[in-house]
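# A look at the structure
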Amino acid sequence: GSEASRALAAKVVTALQLMQQVTVDKEEELGHLDAIAGDGDHGQGMRFGATGAFSAAKDAAQADAGAGTTLVRAGAQWAESAGGTSGALWGSMLTAIGGVLGDQEPATATTVADAVAAAVSAVQRLGGAKPGDKTIVDSLVPFTQTLSSAVEGGTRFADAWRQASDAAQAAADQTADFVSRLGRSRVLGNKSLGVPDPGAVSFSLLMKALGDAGTF
Ligand code: ADP
Ligand code: MG
Ligand code: MG
């Protein structure tokens with residue numbers, strides 16, 4: 001990859017290391033959320049996925065891969081290491097981001113925002129969820145919309161990211177008011193009322209941690 005892309009790949013590795021740490025810290029909490037209306041493995045799945053992705057990204061970056069290749073390899077390993085629905089969805093997100101960024105062009109705020117939008121589309125294509133179905137999509141859509149609008153409006157990228165993660169968190173909290181319509185938890189229907197969707201919560205926690213650390 002180009003020098004700029006390899007510099008971004010190094011940031012991707014740093015980001016995935018932080019994400020792995022967050023999944024370790026939040027494993028139990030996410031497992032509890034998933035146990036209420038799911039099968040209780042979301043914390044473990046996120047930890048396995050982020051751990052595999054971090055390791056794959058580190059190997060790729062050490063072999064001088066650009067950001068695109070680093071993200072694509074991390075995504076494949078996330079899906080493989082995590083198993084489960086959220087693992088497949090996270091894998092598809094990283095892969096989509098890597099596909100848009102590629103290994104040559106220096107990433108601008110706009111290309112990163114576009115890459116995130118492509119990741120959200122990939123999740124919707126793969127999982128078929130719409131906002132309101134009580135899934136990660138409820139948190140993804142406000143995240144990408146806020147990020148794109150802020151970047152378009154000329155907001156500094158780090159600030160745009162923080163605005164987007166605040167929107168993601170508010171949206172994740174709101175899923176407590178929804179009844180699950182998709183995934184394992186749908187069969188339990190009203191049991192999920194009052195409890196937020198684990199996938200939406202984990203996504204917002206990870207985005208907030210990245211925003212606080214100022215990685216991008
Ligand atoms: P599994 O459901 O296979 O045990 P996890 O527990 O790791 O996987 O992930 C559960 C999360 O995955 C849910 O909280 C939800 O956010 C997300 N999810 C499940 N099904 C879908 C879907 N069809 N579309 C989008 N997100 C989904
Ligand atoms: Mg589960
Ligand atoms: Mg499971």
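Taking an unreviewed UniProt entry as the reference, the protein is identified by name as Dihydroxyacetone kinase belonging to Brooklawnia cerclae.

Helix and strand counts for the protein come out as eight helices and zero strands. Taken from the N to the C terminus, the helices and strands of the protein come in the order α-α-α-α-α-α-α-α. The globule rule puts the C-alpha radius of gyration for 216 residues at 17 Å, and the 16 Å found for the protein is close to it. When its C-alpha atoms are laid out on the principal axes, the protein stretches across 50 × 35 × 30 Å.

Our focus in this paragraph is the environment of D212. By the secondary structure assignment, D212 is in helix 8 (residues 198-213). What makes D212 exposed here is the crowd of 12 C-beta atoms within 10 Å. Along the chain, D212 and S81 lie 131 residues apart, while their C-alpha atoms are 27 Å from each other.

All right, on to the nonpolar core then. Core analysis: the biggest nonpolar cluster contains 69 residues, and L16 and A57 have the highest contact counts within it. If we skip the residues at most four places from it in the chain, L16 touches A50, A53, F54, A57 and A74.

Here the focus is helix 3 (residues 67-82). Here helix 3 contains 16 residues, and its C-alpha end-to-end distance of 22 Å stays within 8% of the 22 Å for a straight helix at 1.5 Å per residue. Of the residues flanking the end of helix 3, it is G83, one or two places downstream, whose phi is positive at about 65 degrees.

This paragraph deals with the environment of G68. With respect to the helices and strands, the residue G68 is situated in helix 3. When neighbours within four sequence positions are excluded, G68 is seen to be in contact with S5, G98, G99, L101, G102 and D103.

Glancing now at the packing of helix 5 (residues 109-127) against helix 6 (residues 137-152). Closest axis-to-axis distance for the helix 5/helix 6 pair is 9 Å, and the angle between their directions is 160 degrees. Classified by the interaxial angle, the pair formed by helix 5 and helix 6 is roughly antiparallel. Note on packing geometry: the crossing formed by helix 5 with helix 6 is left-handed. On helix 6, the residues touching A109, T110, A113, V116, A117, V120, V123 and Q124 of helix 5 are V137, L140, V141, T144, L147, S148 and V151. Within the contact of helix 5 with helix 6, the residues separate by chemical class into eleven nonpolar, four polar and no charged.

Within the protein, residue pLDDT values average 95, and 96% of them lie at 70 or more. The ipTM assigned to the predicted complex is 0.99, against a pTM of 0.96.

Conventions used here
- Residues numbered from 1 in each chain as written.
- Chains lettered and ligands numbered in written order.
- Predicted model: local features only at pLDDT ≥ 70, side-chain atom pairs only at ≥ 80, totals over all residues.
- Helix = DSSP H or I, 4+ residues; strand = E, 2+ residues; numbered from the N terminus.
- Rg over C-alpha atoms; globule rule 2.2 N^0.38 Å.
- Buried ≥ 20, exposed ≤ 12 C-beta atoms within 10 Å, placed from the backbone.
- Core = buried A, V, L, I, M, F, W, Y, C linked by C-beta atoms within 7 Å.
- Contact = placed C-beta atoms within 7 Å.
- Expected span 1.5 Å × (residues − 1).
- Axes fitted to C-alpha atoms, helices over the stretch in contact; angles between N-to-C directions.
- Parallel < 35°, antiparallel > 145°, perpendicular 65-115°, else oblique.
- Left-handed = near helix turned anticlockwise from the far one by under 90°.
- Nonpolar A, V, L, I, M, F, W, Y, C, P; charged D, E, K, R; others polar.
- pLDDT = per-residue confidence, 0-100.

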